Amino acid sequence: MNSKRNKTYDAIVVGAGPNGLAAAIELARRGKCVCVYEANEAIGGSARSAPLTLPGFLHDTCSAVHPLAVGSPFFKTLPLAQYGLDFIYPRAAVAHPFDDGSAILLHRSLEQTATQFGVDARSYTRLLQPIVRDWQILAPELLAPIHFPQHPFAVTHFGLHAIRSAAGLARSRFKEERTRAFFAGLAAHSTISLDQFGTAAFALVLLTLGHTVGWPIPRSGSQNISNALAAYLKSLGGEIVTGLRVQSLDDLPPSACVLFDLTPRQLLQILGDRLPARFRTKLSKYRYGPGAFKLDWALNGPVPWHAYECTQAATVHLGGSLAEIEASEAAVWEGKCSDRPFVLVAQPSRFDSSRAPEGKHTLWAYCHVPNGSNMDMTERIENQIERFAPGFRSRILSRSVTSPAQFESSNANLVGGDINGGVQTLSQLFTRPTIHTYRTPLDNVYICSSSTPPGGGVHGMCGYHAARTALRKSFSRVGD
């Protein structure tokens, strides 16, 4: 099928997203001969960049802001800066504006952030301070498959709050509507209705990342994360083949093991009847979550935010109150599209001049929609931006629309526009895609995508843990 067909490898990885590249790197670091196969011509999966609108404007095709990348225990061990990866840190991690022209900022300083919450300042500090203090030991525990923790007291403290619904925790813990809304905006990254158990965890993790490592953007786009991973892999002797879609195990060269950076749907298509019927049934019942409807704009100037604070952060959460955000996410969970969707906005060109011509800007935004929805959310998203930035529409030079179907067309892992590799409810978080997590019933065949723990995000931890599993199961021992 290709020039490498007759070569024998220790490991083959199918899919060159961040998790596939992470798996390949971990195997290569342990002395294994590795080759990665990617269906698209460009590597990166959900961490890619492209000129989606006008010449000179560079846009991130999916992920744009990366607290999990800089907070990843695995990525921290890699010399990615030596391979061109440079992160830019805005003054604030997140801005959450309100209709009165004010906004709340997530600062690196816990105390500085808390002062914005009025009577909730003490409550916010008491909730976050222990988690922030313990984050260095919590991160490896939380970004991992289910296991007996090495730090049970820290994990238990986190878990007692994290297991709650975001709406329930916000209402019971905070008195100020502004504090509740701010917390809800963080929790809404879960793409789960905020009355569901476990949604508080998403807010707590993202807040903690803001206080410990920040919410940076990669200079010159998210593609540079993938490019740095690929360059480091090649320095270790790893190989990458692009533009080649694997449709069967028979398409691959001989190897000791194969790891798939794919979701259950693609795994079923490739492995088919090789899998036992019971396992095929389990994979077929795997649940995908809501989709994303995304817009990218080329602008003739910066977004004219009513609240000045919004100029200080690369990420802006548009949803107003807790009640509004809660209603928006609940509607999606029920298969509907909200008239006033919660909108996540990224404005990288405010901090990275390489993204647009001088004096011009790029903007990135998406909202959640039902999986596979064909509803055009353009007007509703732009209405939300105009609400908090009057005059925004007058600055649009060009726009690019990415519907759930277009997400899936460009990246088969984004089934129905689901950017998390499957819904991340408590029942499908630690045992994804099955109780066997990274393993399959086939000897030496593994799963390393975001459909395994710890789930979605550009952190590489799914690939890392899958590779460690392969090293234990398919080779004599895990290298030191």
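One can find the structure itself at the top, above this paragraph.
The rules we used
- Sequence order as written defines the numbering, with residues in each chain counted from 1.
- Since the coordinates come from a predicted model, pLDDT governs what is reported: local features require at least 70, and pairs of side-chain atoms require 80 or more to be given and counted, while whole-chain, interface and lining totals use all residues.
- Each side-chain value is worked out from all heavy atoms of the structure, with water and hydrogens disregarded.
- Elements are defined by DSSP. Helices are runs of H or I of four residues or more, strands are runs of E of two residues or more, and each kind is numbered from the N terminus.
- Throughout, the radius of gyration refers to the C-alpha atoms, and the reference size of a globule is 2.2 Å times the residue count to the power 0.38.
- Residue exposure (1.4 Å probe, protein chains only): buried if accessible area is under 20% of the type maximum, exposed if over 50%, otherwise partly exposed.
- Any pair of residues with heavy atoms lying within 4.5 Å of one another is described as a contacting pair.
- Method for areas: the Shrake-Rupley scheme with a 1.4 Å probe, in which residue coverage is limited to the protein chains shown.
- This count recognises Lys and Arg as positive and Asp and Glu as negative, with His and chain-terminal groups excluded.
- A charge is said to be at NZ when it belongs to Lys, at CZ for Arg, at CG for Asp and at CD for Glu.
- Residues belong to a common nonpolar core when they are buried Ala, Val, Leu, Ile, Met, Phe, Trp, Tyr or Cys residues joined through side-chain atoms within 4.5 Å.
- Each aromatic pair joins two rings of Phe, Tyr and Trp (for Trp, the six-membered one) with centres within 6.5 Å, and gets the label stacked for planes under 30 degrees apart, edge-to-face for over 60, and tilted for any other angle.
- To sit over a ring, a charge needs its Lys NZ or Arg CZ within 6 Å of the ring centre and within 35 degrees of the ring normal.
- Residues adjacent in sequence count toward polar contacts only when both atoms are side-chain atoms; beyond that, a polar contact is any pair of N or O atoms within 3.5 Å, and within protein one must be able to donate a hydrogen and the other to accept it.
- Here, strands pair whenever DSSP counts at least two bridges between them.
- Here, axes are lines fitted to C-alpha atoms. For helices the fit covers the stretch in contact, and angles between N-to-C directions go from 0 to 180 degrees.
- Angle categories: roughly parallel below 35 degrees, roughly antiparallel above 145, roughly perpendicular from 65 to 115, and oblique for all the rest.
- Crossing handedness follows the turn of the near helix against the far one: under a right angle anticlockwise gives a left-handed crossing, and clockwise gives a right-handed one.
- Directions drawn from the helix axis to the C-beta atoms are what define this arc.

Q: Can you walk me through the overall build of the protein in this structure?
A: Counting its regular elements, the protein contains 16 helices and 16 strands. A globule of 480 residues ought to have a C-alpha radius of gyration of about 23 Å, and the protein, at 22 Å, matches this closely. Taken along the three principal axes of its C-alpha coordinates, the protein extends 65 × 55 × 40 Å. Counting only residues that meet the buried cut, the protein has 63% of its 480 residues in that class. In the protein, the share of contacts with a sequence separation of at least 24, taken over all contacts with a separation of at least 6, comes to 75%. On the protein, roughly 18100 Å² of surface is accessible, and the fraction owed to carbon and sulfur atoms is 50%. When the 46 positive and 37 negative side-chain charges of the protein are each reduced to one mean point, those points stand 5 Å apart.

Q: Looking at this structure, I do not really get the nonpolar core. What am I missing?
A: Proteins that are soluble and globular tend to have nonpolar side chains buried together. Formed by 103 residues in total, the largest nonpolar core has its most connected members in Tyr124, Phe158, Phe183, Trp215 and Leu259. Looking at this core, the element that brings in the most residues is helix 9 (residues 199-212), giving 8 residues. Counting residues in each nonpolar core, the second largest holds 28 residues, with Ala95, Leu295, Val345 and Ala389 among its members.

Q: For this particular structure, what's the right way to read the environment of Gly159?
A: As for its placement among the helices and strands, Gly159 is situated in helix 6 (residues 152-162). Judged by relative accessible area, which is 26%, Gly159 ranks as partly exposed. Considering only alpha carbons, one finds Gly159 and Ala201, 42 residues apart in sequence, at a separation of 7.9 Å.

Q: Explanation requested: the packing of aromatic side chains in the structure shown.
A: The description of two aromatic rings rests on the distance between their centres and on the angle between their planes. For the coordinates displayed, the defined rule picks out 9 aromatic pairs. Judged by centre distance (5.4 Å) and plane angle (85 degrees), the ring pair of Trp364 and Tyr366 falls under edge-to-face. One aromatic cluster is present, built from ring pairs that chain together Phe74, Phe75 and Tyr464. In this structure, Lys32 packs its charged tip against the face of Phe475, placed 4.3 Å from the ring centre.

Q: I'm lost on the side chain of Asp352 in this one. Help?
A: Counting through the fold element by element, Asp352 comes out in the loop between strand 13 (343-346) and strand 14 (361-369). When its relative accessible area of 1% is taken as the criterion, Asp352 is described as buried. Of note is the side chain of Asp352, whose polar atom sits 2.6 Å from the side chain of Ser354. Of the polar contacts made by the side chain of Asp352, one reaches the side chain of Arg355; its length is 2.8 Å. In contact with Asp352, not counting residues within four places along its chain, are Ile88, Ile217, Pro218, Arg219, Ser220 and Gly221.

Q: Would you explain the pairing of strand 11 (residues 291-299) in this entry?
A: For a regular strand, side-chain orientation follows a simple rule: the groups alternate between the two sheet faces. Most of strand 11 is tucked away, with 9 of its 9 residues classed as buried. Here strand 11 shows a buried face lined by Gly291, Phe293, Leu295, Trp297 and Leu299 and a second buried face lined by Ala292, Lys294, Asp296 and Ala298. The pairing of strand 11 with strand 14 spans 9 bridges and is classified as antiparallel. Bridge pairing links Trp297 to Leu363 in strand 14.

Q: Would you take a moment to explain the sheet that holds strand 10 (residues 255-260) for this structure?
A: Strands belonging to one sheet form pairs held by backbone hydrogen bonds; the direction of such a pair is parallel or antiparallel. Pairing is parallel across the open sheet formed by 5 strands, whose spatial order is 9-2-1-10-16. This sheet does not close on itself; its edge strands, each paired only once, are strand 9 (239-241) and strand 16 (445-447). The mean inter-strand angle of the sheet, taken between neighbouring strand axes irrespective of direction, is 20 degrees.

Q: Which parts of the structure should I look at to understand the packing of helix 1 (residues 18-29) against helix 16 (residues 461-474)?
A: In a pair of packed helices, the angle between the axes and the distance between the axes together describe the arrangement. Their axes nearest at 7 Å, the elements helix 1 and helix 16 cross at an angle of 40 degrees. With respect to their mutual orientation, helix 1 and helix 16 come out oblique. Handedness of the helix 1/helix 16 crossing: right-handed. Across the interface between the two elements, Asn19, Ala22, Ala23, Glu26 and Leu27 from helix 1 touch Met461, Cys462, Gly463, Tyr464, Ala467, Arg468 and Leu471 from helix 16.

Q: Help me understand the sheet that holds strand 6 (residues 92-97) in this model?
A: Spatially, the 7 strands line up as an open sheet ordered 7-6-12-13-14-11-15, and their pairing is mixed. Since the sheet does not close on itself, it has two edges, and those belong to strand 7 (103-106) and strand 15 (396-402), each with one partner. Along the sheet, successive strands turn relative to each other by an average axial angle of 20 degrees, direction set aside. Where strand 13 meets strand 14, 4 bridges bridge the pair, whose relative direction is antiparallel. Paired with Val343 across the strands is Cys367, a residue of strand 14. The sheet contacts of helix 8 (residues 177-187) involve strand 6, strand 7 and strand 12 (313-318), and relative to strand 7 the element is tilted by about 50 degrees.

Q: Whenever I open this one, the environment of Leu268 confuses me. Can you help?
A: Positionally, Leu268 belongs in helix 11 (residues 264-271). Linking Leu268 and Thr469, residues 201 residues apart in sequence, is a C-alpha distance of 21 Å. Not counting residues up to four positions away in its chain, the partners in contact with Leu268 are Leu275, Arg280, Leu283 and Ser284.

Q: How do you make sense of the side chain of Ser193 when you look at a structure like this?
A: With respect to the secondary-structure elements, Ser193 resides in the loop between helix 8 and helix 9. A polar contact of 2.7 Å, which involves the side chain of Ser193, links it to the side chain of Asp195. Contacts of Ser193, omitting those with residues within four sequence positions, involve Thr199, Glu329, Ala330 and Trp333.

Q: For this particular structure, what's the right way to read helix 7 (residues 166-173)?
A: Those residues of helix 7 that fall on the buried side of the exposure criterion are Ala166, Ala167, Leu169 and Ala170. Relative to the axis of helix 7, the buried residues are bounded by an arc of 165 degrees and lie together on one face. In this structure, the buried residues of helix 7 make contact with helix 4 (121-133), helix 6, helix 8, helix 9 and helix 13 (322-333).

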